[in-house]
Amino acid sequence: MHRITYRILLRKEPEGGYTVTVPTLPGCVTFGGTIEEAIAMAKEAIEVYLEDLTERGEEIPTEEDTLEYTLTVEAYA
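Rules behind the numbers
- Residues numbered from 1 in each chain as written.
- Predicted model: local features only at pLDDT ≥ 70, side-chain atom pairs only at ≥ 80, totals over all residues.
- Heavy atoms only, no water.
- Pairing = 2+ DSSP bridges.
- Helix = DSSP H or I, 4+ residues; strand = E, 2+ residues; numbered from the N terminus.
- Axes fitted to C-alpha atoms, helices over the stretch in contact; angles between N-to-C directions.
- Contact = heavy atoms within 4.5 Å.
- Buried < 20%, exposed > 50% of the residue type's maximum accessible area, 1.4 Å probe, protein only.
- UniProt positions renumbered as here; feature names shortened; annotations may be inferred.
- Polar contact = N/O pair within 3.5 Å; in protein donor to acceptor, adjacent residues only side chain to side chain.
- Patch = residues over 30% accessible without salt bridge, like charges linked within 9 Å, V, L, I, M, F, W, Y side chains within 5 Å.
- Areas by Shrake-Rupley, 256 points an atom, 1.4 Å probe, with all protein chains shown as cover.
- Salt bridge = Lys/Arg side-chain N within 4 Å of Asp/Glu carboxyl O.

## With respect to the sheet that holds strand 2 (residues 18-21)
Strand order in the open sheet formed by three strands is 1-2-3, with antiparallel pairing between adjacent strands. Among the strands making up the open sheet, the edge pair consists of strand 1 (9-12) and strand 3 (29-32). In this sheet, adjacent strand axes meet at a mean angle of 25° when their direction is disregarded. In the sheet, strand 2 pairs with strand 3 via four bridges, with the strands oriented antiparallel. Bridge pairing links Thr-19 to Phe-31 in strand 3. Across the face of the sheet, helix 1 (residues 35-55) comes into contact with strand 1, strand 2 and strand 3 while running at roughly 150° to strand 3.

Okay, here's the thing in structure tokens:
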């Protein structure tokens, strides 16, 4: 077993709490009432997701070749 690092994105929800997505793992989405809870839930969701892939004999995606940039654009509303 080895460690794999994944980026997670937290989005604050209007009704409270945070939705978490894992861009490298399609469909890996969870929720937590606080940032700390959301991060803990994300860790659990990733572990379950990877366990499922392993059981099905599928390749485990990594972010080794992923480059990340942030862009700012003008938006007219």
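Now, onward.
## With respect to the pairing of strand 2
Here strand 2 shows a buried face lined by Tyr-18 and Val-20 and an unburied face lined by Thr-19 and Thr-21. Sheet analysis places strand 1 next to strand 2, joined by four bridges and oriented antiparallel. When the bridges of strand 2 are listed, Lys-12 appears paired with Tyr-18. The antiparallel hairpin formed by strand 1 and strand 2 contains five residues in its connecting segment, where Gly-16 sits at a positive phi of about 110°.

## With respect to the UniProt feature "domain: HicB-like antitoxin of toxin-antitoxin system" (unreviewed entry) in the chain
The sites that carry the UniProt feature "domain: HicB-like antitoxin of toxin-antitoxin system" (unreviewed entry) are, in the present numbering, residues 6-75. Helix makes up 30% of residues 6-75 and strand makes up 17%, while its end C-alpha atoms are separated by 30 Å.

## Details of the side chain of Glu-63
With respect to the helices, strands and loops of the structure, Glu-63 is situated in the segment after helix 1. Of the polar contacts made by the side chain of Glu-63, one reaches the backbone nitrogen of Arg-7; its length is 3.2 Å. Setting aside anything within four residues of it in sequence, one finds Glu-63 in contact with Thr-5, Tyr-6, Arg-7 and Thr-24.

## Focus on a nonpolar patch on the surface
Nonpolar side chains collect at one region of the surface, where Leu-10, Ile-35 and Ile-39 lie side by side and expose about 230 Å² of accessible area between them. Turning to its location among the elements, Leu-10 is positioned in strand 1.

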